[in-house]
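Remarks on the overall topology
The primary structure of each chain is shown beneath.
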Amino acid sequence: MSSTAARWFDLLDGLSRLSAQQWLLRSSAPVGASVVLLLERLAGGTVQPWFLAIALAQALLVAVLPDSGAGLVLVLLLGVHWAMFAPAAVTGWVLGAAIALLGVHLGCTLASYGPPSLVLDRLLLLRWGRRAAAVAAGTAATWALVRFSPSGLGSTSGWATGLALLVTLAWTLRLTRLLVARR
């Protein structure tokens, strides 16, 4: 048997032993991608059938291989499509799509912690849940800042994006310092 065939058999064997938790985590990719596409449509965008097929096929690939680069491709596909085919208005649909993509990222990250049969510890799930809640809160705050800022402040998206990048930089530096100190 060739090494490629052996890898396929190993992959299929691993998928046959998925725990219920792994099914749930891996389903975040196709469910999240579907939610983003639905929200894009509700936001006034156009989702072509050919793109729907490509995005959902990619999401299924992400569900099968959550520890690969397929997740990044999925997020880029959905983000670029939204930017090209949805109105530029900052509506609640944008926030919903961002939270859905966070769910895809979280599910795939947790699914990639080990073999398909792995059941993650409750404490680890709670820790990641708190992290995701913090990111969601920051995302919602940035969205609200852009959405509800007075139009007299000039280019709203420009200064809001700059502020968001500064906050992200500060947070990254703080986390880096904490992680280095622990080592």
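Everything numeric in this text was worked out from a predicted model, so none of it was measured. (Residues numbered from 1 in each chain as written. Predicted model: local features only at pLDDT ≥ 70, side-chain atom pairs only at ≥ 80, totals over all residues. Heavy atoms only, no water.)

Re the overall build of the chain
Assigned secondary structure in the chain consists of seven helices and zero strands. In the chain, the succession of helices and strands from N to C terminus is α-α-α-α-α-α-α. Counting across all 183 residues of the chain, residues that qualify as buried make up 30%. Across the chain, contacts joining residues at least 24 apart in sequence account for 70% of those joining residues at least 6 apart. For the chain, the exposed area adds up to about 11,400 Å²; of that, 72% sits on carbon and sulfur atoms. (Helix = DSSP H or I, 4+ residues; strand = E, 2+ residues; numbered from the N terminus. Buried < 20%, exposed > 50% of the residue type's maximum accessible area, 1.4 Å probe, protein only. Contact = heavy atoms within 4.5 Å. Areas by Shrake-Rupley, 256 points an atom, 1.4 Å probe, with all protein chains shown as cover.)

As for the nonpolar core
Taken as a class, soluble globular proteins show a tendency for nonpolar side chains to be buried jointly. Val36, Val62, Leu74, Leu78 and Trp82 are the most contacted members of the largest nonpolar core, which totals 19 residues. Those elements that provide at least two residues to this core are α2 (20-42), α3 (49-64), α4 (70-85) and α5 (92-111). With five residues, α2 is the largest single contributor of residues to this core. Residue contacts for Val62: discarding those within four places in its chain leaves Ala29, Ala70, Gly71, Leu74 and Cys108. The next biggest cluster of nonpolar side chains, apart from the first, holds nine residues, and it includes Leu102, Leu110, Leu120 and Leu124. (Core = buried A, V, L, I, M, F, W, Y, C linked by side-chain atoms within 4.5 Å.)

Overview of the packing of aromatic side chains
Applying the stated criterion across every chain yields a total of two aromatic pairs. An angle of 85° between the planes, with centres 5.6 Å apart, marks the rings of Trp143 and Phe148 as edge-to-face. Residue classification places Phe148 among the exposed positions, given a relative accessible area of 57%. Sitting over the face of the ring of Trp128, Arg131 holds its NZ or CZ atom 4.9 Å from the ring centroid. (Phe/Tyr/Trp six-rings, centres within 6.5 Å; stacked < 30°, edge-to-face > 60°. Lys NZ or Arg CZ within 6 Å of the ring centre and 35° of its normal.)

Topic: the packing of α3 against α4
Between α3 and α4, the shortest axis-to-axis distance is 8 Å and the interhelical angle comes to 155°. Taken together, the axes of α3 and α4 lie roughly antiparallel to each other. Regarding α3 and α4, the two cross each other, and that crossing is left-handed. Taking contact as the criterion, the partners of Phe51, Ile54, Ala55, Gln58, Ala59, Leu61 and Val62 in α3 are, on α4, Ala70, Gly71, Val73, Leu74, Leu77, Leu78 and His81. (Axes fitted to C-alpha atoms, helices over the stretch in contact; angles between N-to-C directions. Parallel < 35°, antiparallel > 145°, perpendicular 65-115°, else oblique. Left-handed = near helix turned anticlockwise from the far one by under 90°.)

Focus on the environment of Leu61
Considering the arrangement of structural elements, one finds Leu61 in helix α3. Between the C-alpha atoms of Leu61 and Gly71, which are 10 residues apart in sequence, the distance is 8.5 Å.

Considerations on the side chain of Ser19
Relative to the elements of secondary structure, Ser19 occurs in the loop between α1 (3-16) and α2. On the basis of relative accessibility, which here comes to 11%, the residue Ser19 falls in the buried class.

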